[in-house]
Amino acid sequence: MATENKGYSWTSIVLHWLVAVMVIGLFASGFWMVDLSYYSSWYRTAPFWHKSVGVLLLALMLYRLLFRVIKGTAEPLSSHSKAIQRASHVTHLTLYGLVFLIICSGYLISTADGRPIDVFGLFNLPSAGELFAEQADRAGLVHKFAAYGLIALAVLHAAAAFKHHVFDKDNTLKRMLKP
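J.: In this structure, what is going on with unusual backbone geometry? I would like to understand it.
T.: With glycine set apart, most residues show a phi of negative sign, and most peptide bonds adopt trans. Positive phi, close to 55 degrees, is recorded for Phe120, a residue that is not glycine. Relative to the helices and strands, Phe120 is located in the loop between β1 (117-119) and β2 (123-125). The phi dihedral of Glu134 falls on the positive side, at around 55 degrees, and the residue is not glycine. Here Glu134 lies in the loop between β2 and α4 (135-166).

Written out as structure tokens, the structure reads:
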């Protein structure tokens, strides 16, 4: 369902950039914290913040998905071919899917030992426990490779936006900066 407005709403724009910053921050912190030693002062602190922000990202993504279903999304630019429109649609679906896959695998890693996830010290997200053998290790591999895939696709997504802006001189990027 497309909105009558050809551009994105402020809500869509803010959610897009907030999710982008969170995904990049979570990737960077995850990349950094896997090499922390047990004796590092960040050994317990970094995962606490990483998990808490991950749960916040889940809430934002669920809100974003609900908002998109209820309000629709911007119409594609008429200058874009059907192939570009399909590629854009598939890319966005894959970005959403990877974010949810990473969140779910992170949950499985964090709760495999039966402990809940402490979210900013405000509440605990209950554990489902170990649902399958070697859950933390298997989910860890999914988490890692899905995160690398998400970042690679996000870079491609950003490159496409810049290509549209610089070479095609269309409004693709401008529409994600202001309504």
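J.: Looking at this model, I keep getting lost on a nonpolar patch on the surface. Mind explaining?
T.: There is a patch of nonpolar side chains on the surface, built from Phe31, Leu141, Phe145 and Tyr148 and spanning about 450 Å² of accessible area. Positionally, Leu141 belongs in helix α4.

J.: What exactly am I supposed to notice about the side chain of Gln135 here?
T.: Along the chain, the position of Gln135 falls in helix α4. Owing to a relative accessible area of 0%, Gln135 belongs among the buried residues under this scheme. Aside from chain neighbours lying at most four places away, what touches Gln135 is Leu108, Thr111, Ala112, Gly129, Glu130 and Gly140.

What counts, and at which threshold
Residues numbered from 1 in each chain as written. Predicted model: local features only at pLDDT ≥ 70, side-chain atom pairs only at ≥ 80, totals over all residues. Heavy atoms only, no water. Helix = DSSP H or I, 4+ residues; strand = E, 2+ residues; numbered from the N terminus. Patch = residues over 30% accessible without salt bridge, like charges linked within 9 Å, V, L, I, M, F, W, Y side chains within 5 Å. Areas by Shrake-Rupley, 256 points an atom, 1.4 Å probe, with all protein chains shown as cover. Salt bridge = Lys/Arg side-chain N within 4 Å of Asp/Glu carboxyl O. Buried < 20%, exposed > 50% of the residue type's maximum accessible area, 1.4 Å probe, protein only. Contact = heavy atoms within 4.5 Å.

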